[in-house]
Amino acid sequence: MEEKTNITPTNFIREIIDDDLKTGKHTLIHTRFPPEPNGYLHIGHAKSICLNFGIARDYNGLCNLRFDDTNPEKEDIEYVDSIQEDVKWLGFDWADRMYYASDYFHKLYDFAVQMIKDGNAYVDSSTAQELKDMRGTPTEPGGLSPYRNRSVDENLRLFTEMKEGKYDDGAHVLRAKIDMASPNMHMRDPVVYRIKKATHHNTGDEWCIYPMYDYAHPISDWMEGITHSLCTLEFEIHRPLYDWFLEALNLKNRPRQIEFARLNLTYTVMSKRKLLELVQEGFVSGWDDPRMPTICGLRRRGYTPESIRNFADKVGVAKRDALTDVALLEHAVRDDLNKKAPRVMAVLKPLKVVLTNYPDDLTEEMETVNNPEDESMGSRKIPFTKEIFIEQDDFQEVPEKKFHRLSPGKEVRLKSAYIIKCDEVVKDADGNITELRCSYDPETKSGSGSTRSVKGTIHWVSAKHAVKAEVRLYDRLFTDEDPAGHEEKDFRELINPDSLEILDNCLIEPELAKAKAGDKFQFVRMGYFCVDPLSNDKILVFNRTVGLKDSWAKMKTN
RNA sequence: UCUCGGGUCGUCUAAUGGCAGGACAGCGGCCUUUGGAGCCGUUAGUGGAGGUUCGAAUCCUCCCCUGAGAACCA
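Predicted, not measured: the structure shown is a model, and the values here were computed from it.

Taken together, the neighbourhood of RNA strand B is formed by 72 residues, with Glu 15, Thr 139, Arg 343, Ser 446 and Gln 522 sitting nearest. Separating a sugar or linking oxygen of RNA strand B from a side-chain N or O atom of Glu 373 is a distance of 3.0 Å. Measuring from a base nitrogen of RNA strand B, one finds a backbone N or O atom of Lys 402 at 2.7 Å. Of all the secondary-structure elements, those providing two or more residues to the surface near RNA strand B are α5 (128-134), β6 (191-195), α12 (326-340) and α13 (551-557). Broken down by class, the residue content of the surface near RNA strand B amounts to 24 nonpolar, 24 polar and 24 charged.

Structure follows, in structure tokens:
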């Protein structure tokens, strides 16, 4: 399922598991990934997926996929499908253990009846506002509901009638009877069931009452035999309630909830709500816009599952809030693609070069390796002719200091071809450079054993053979490191206006014309690129996954 | 204000009373037919003040900073 990495993750959760194994508390480790199907998965979910499935894999345990679908108003089958696709794509397998919390609605109902019989739950007929008023504040205890001491029989009758659809939404709720004076607001007789006459994506119109997360989650975990229920920090305050339900129902072999810090990445937002707003308000083209931190966005951008898994291992798991540098993610994908991506030549901003002393009709096939990191990837031939295109940025009429590329009177090597010298700069009436006239040194053919060397090597394509393509350059979506972290500023104000640059006049080597959607390449000296699914017979579209490290650019900014 | 969490290089993360280490980023160098990759080197940290101890990032006290908590959301 997963290729070996040199990283052995260790974290406080694995230590707890090691201990549980050692003491014999558990012999089989069982985790679960429990998304609510109300949005697309993002890189933060990927961290949780890698954690849960990774633990199952390393401990020879099991990890379930469970849809936490207790709120029919927000959930949709569209998300159920995309979530499965994304988890699979990341390289994980739940075998036959895909569940829905809604699969357990009958059992959950029976447990609720039992809680009523045990005096642990009651039907409250207060309005939402009254409930809110009775709850108190973090510093003041709440008040007791006038319905708190209804008889078991009356509670049973009302709860049955709620289920039967006799009441409108909001008329009654079922509440756990705990402690209205608890300093933990979640323990102040929390709602267990509410009436919602809504169609559920999985159970249709079978139910008009739906359980709350705090109630459904621990019981779902228990029913699946989950040993370690991993969730993010915001649920820490819910843990006493998680334990209370299991205790109140006298369930044995209880799962243990353990919280860890969610992933935050610099220069992006991670909340489903904000991501949805970016999509709905047209700041991006969709959930899979390559600038989005969604799994589908990263996939379209050209990220590999391995790179995301390695990233998840590298960020680690702890309890302190963190904002991880997106450079770490970029490093992970460079690291992976460096080993896998074939090198090809592509000129993004072409500048014509005529080799004045090269035979007019000659086409030479130049041999070049596909990946210097991996000999097994072999080599290929690329056509070389009198007229070629090079990158505009690889020429400077008045060269800056330490500029090792082409300039008047200077030499540069064309990768896998010859050394050329710039003899003449041709300009149009407005003074724009339209063409370079150069001469080549026939003694310096690549692979011929020529020993002459020059400082710079640049990429090129043959004018006659090059294929046109569109290339999309992506930059960070926000100009601020933590766009969601400002109270006085809306994250929308911090959107980077230059996060997408479309180049529609790029020239690629002919070999690339065969590329199919999703194919990944290193454009030599430019970065890693992949074929966008939008590509068709008419036009090839490439997305830049990430640029190469560029020490020249860095030198200039310093 | 109250309750519960959390504070280790710029960032992320180790240490479990015994040499504060790794990764990313940065910087310097080597190498290079990718100014890529690789290799070598290097900068940089225990929030503060006390205390316990032969010895404290780790234990205790106080303080500071920070996150979460008052949906019929998850």
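Approximately 1100 Å³ is the volume attributed to the second largest pocket. Along the walls of the second largest pocket sit 37 residues, with Glu 36, His 45, Glu 234, Phe 235 and Lys 272 positioned nearest its centre. Listed by contribution, the elements that provide at least two residues to the lining of the second largest pocket are β1 (30-33), α2 (43-58), α7 (213-223), β8 (228-232) and α9 (272-280). When grouped by side-chain class, the residues that make up the lining of the second largest pocket number 14 nonpolar, 13 polar and ten charged. In terms of domain composition, the lining of the second largest pocket takes at least three residues from each of domain 1 (12-260) and domain 2 (265-342 + 469-557).

This paragraph deals with the pairing of strand β9 (residues 256-260). β9 sits mainly inside the fold: four of its five residues count as buried. With helix α8 (residues 239-248) bridging β8 and its parallel neighbour β9, the resulting β-α-β unit is right-handed.

Take the domain arrangement of chain A next. According to the domain assignment, chain A contains domain 1 (12-260), domain 2 (265-342 + 469-557) and domain 3 (351-459). Of note, the centres of domain 2 and domain 3, computed from C-alpha atoms alone, are 30 Å apart. Listed per partner, the contact involves 15 residues of domain 2 and 21 residues of domain 3. Carbon and sulfur atoms make up 56% of the surface buried where domain 2 meets domain 3, a total of about 1300 Å² over both sides. Summed over the three residues of domain 2 that lose the most area to domain 3, namely Glu 509, Arg 525 and Trp 552, the buried surface amounts to 41% of that side.

Rules behind the numbers
Residues numbered from 1 in each chain as written. Chains lettered and ligands numbered in written order. Predicted model: local features only at pLDDT ≥ 70, side-chain atom pairs only at ≥ 80, totals over all residues. Heavy atoms only, no water. Near = heavy atom within 4 Å. Polar contact = N/O pair within 3.5 Å; in protein donor to acceptor, adjacent residues only side chain to side chain. Helix = DSSP H or I, 4+ residues; strand = E, 2+ residues; numbered from the N terminus. Nonpolar A, V, L, I, M, F, W, Y, C, P; charged D, E, K, R; others polar. 1 Å grid on protein atoms, 1.4 Å probe; cavity = no way out; pocket = protein on both sides within 12 Å on 5 of 7 lines; lining within 4 Å. Points joined across faces, edges and corners; volume = space filled by probe spheres on them. Domains from an automatic or database assignment. Buried < 20%, exposed > 50% of the residue type's maximum accessible area, 1.4 Å probe, protein only. Right-handed = clockwise from strand over helix to strand, strands pointing away. Contact = heavy atoms within 4.5 Å. Buried area = accessible area lost by both parts, 1.4 Å probe.

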